[in-house]
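# Summary of the model geometry
Chain by chain, the residues run as shown.
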Amino acid sequence: MQPLRELVLTLLLCTGLLPVGGRRKGARVRADVGADAAPASQRLEQARQLVFTEPRKAIELLAELEKEGQHGNGETDMAIGSCLNQLGEPAQAADYFERGHAMLLESPAAQEVGRNYVTDRPYGLSDLNAWGMALDSLDRLDEALVVYERALAVAPTLHQLNNNVGNIHRKLKRPAEAAEYYDKAVDAAPTQKLYVYNRGMALRDLNEPRHVEAVAAMKGALALDPIFFQASHELAGLIRREAGATEPRLQEALRYERAAVKLAPSRGDYHFALGEIHAVRHPRPASDSSDFDLVLSERAFC
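We now turn to the structure provided with this report. (Residues numbered from 1 in each chain as written. Predicted model: local features only at pLDDT ≥ 70, side-chain atom pairs only at ≥ 80, totals over all residues. Heavy atoms only, no water.)

### Let's talk about the overall build of the protein chain
Helices and strands together make up the secondary structure of the protein chain, namely 17 helices and 0 strands. Counting all 302 residues of the protein chain, 44% fall into the buried class. (Helix = DSSP H or I, 4+ residues; strand = E, 2+ residues; numbered from the N terminus. Buried < 20%, exposed > 50% of the residue type's maximum accessible area, 1.4 Å probe, protein only.)

Encoded structure:
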């Protein structure tokens, strides 16, 4: 594991927040920690409150606590894990989560309350969610599921958790299981367009048996956000792939795909999808590329 102080310095240098070889104006080396420093618990809480709004400031506070050996029975390490995940360092985050979790399980509170202390304590669910996200980013999907399931055992209707577990099942090619978790996420937060879209993607992966529901889900996501171009593209594809799609339906697919191209003109796959729709509308020999050439002329239109 890279020493946290080194990682903090790297993060600050990369963002230009700290000059090479320098330190902030007015800062001083904390050789006298304990003389005038706030209590460790107070600084830990301050860092916790900054994790999602000012993660770099939070990681500086946490690095000081770690340097002092103030692990807080694992609380400091769990906070560092959440902060590192927020800063885009999932591998380091996972290491801290594992160490912090082991320390928490050995803590006096856990010995008294039991294993549920890890999830029932303040920030417990937030930590587990961040830990699962870090493992997901590292493609350690089975481990991520174990972590998420601990959190869901305490909060089975929490929409963020259900959405994240759905994402894991989609990656594992389990669309039916994914759809079940997305259903729970949408039920708990029906105005979250991403949850509605994710549910539509899982239903799309289930093919014909859930096709109508997939179309309805993508339309629902667009109703929540009319410029949600990913949903517009997926909806066009769902319509285009309908068996025996009529000309009016293909025109509808064309409208949705054109909207996606207009909103995301650099997406080459969207332009190609336009050509596929034209190819369905006007079938030609495989050697004839005129339908895809037509897309080039559509760029001005889009």
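### Some words on the environment of L172
Among the structural elements, L172 can be located in the loop between helix 10 (159-171) and helix 11 (175-188). When the C-alpha positions of L172 and D142 are compared, they lie 9.0 Å apart, and in sequence the two are 30 residues distant. Excluding residues within four positions of it along the chain, L172 makes contact with L141, D142 and L145. (Contact = heavy atoms within 4.5 Å.)

### Notes on the packing of helix 4 (residues 75-86) against helix 8 (residues 124-137)
Axis separation between helix 4 and helix 8 bottoms out at 9 Å; the angle between their running directions is 50°. The angle between helix 4 and helix 8 places the two elements in the oblique class. Considering how the two elements wind past one another, helix 4 and helix 8 form a crossing that is left-handed. Together, M78, S82 and N85 of helix 4 and S126, D127, A130, M133 and A134 of helix 8 make up the contact between the two elements. (Axes fitted to C-alpha atoms, helices over the stretch in contact; angles between N-to-C directions. Parallel < 35°, antiparallel > 145°, perpendicular 65-115°, else oblique. Left-handed = near helix turned anticlockwise from the far one by under 90°.)

### Let's talk about unusual backbone geometry
Located in the positive-phi region is Y123, a residue other than glycine, with phi close to 70°. Locating Y123 in the fold gives a position in the loop between helix 7 (117-120) and helix 8. Residue classification places Y123 among the partly exposed positions, given a relative accessible area of 30%. Non-glycine residue N207 carries a positive phi angle of around 65°. With respect to the helices and strands, N207 occurs in the loop between helix 12 (193-205) and helix 13 (211-224).

### Observations regarding the side chain of N198
Residue placement: N198 occurs in helix 12. Setting aside its immediate chain neighbours within four residues, N198 contacts N163, N167, R170 and Y182.

### Thoughts on the nonpolar core
Counting 41 residues, the largest nonpolar core has L62 and C83 as its most contacted members. Elements supplying a minimum of two residues to this core: helix 2 (40-50), helix 3 (55-67), helix 4, helix 5 (90-106), helix 7, helix 8, helix 9 (141-154) and helix 10. When residues of this core are assigned to their parent elements, the largest contribution, 7 residues, is made by helix 9. With 30 residues, the next largest nonpolar core counts A189, A202, L238 and L274 among its residues. (Core = buried A, V, L, I, M, F, W, Y, C linked by side-chain atoms within 4.5 Å.)

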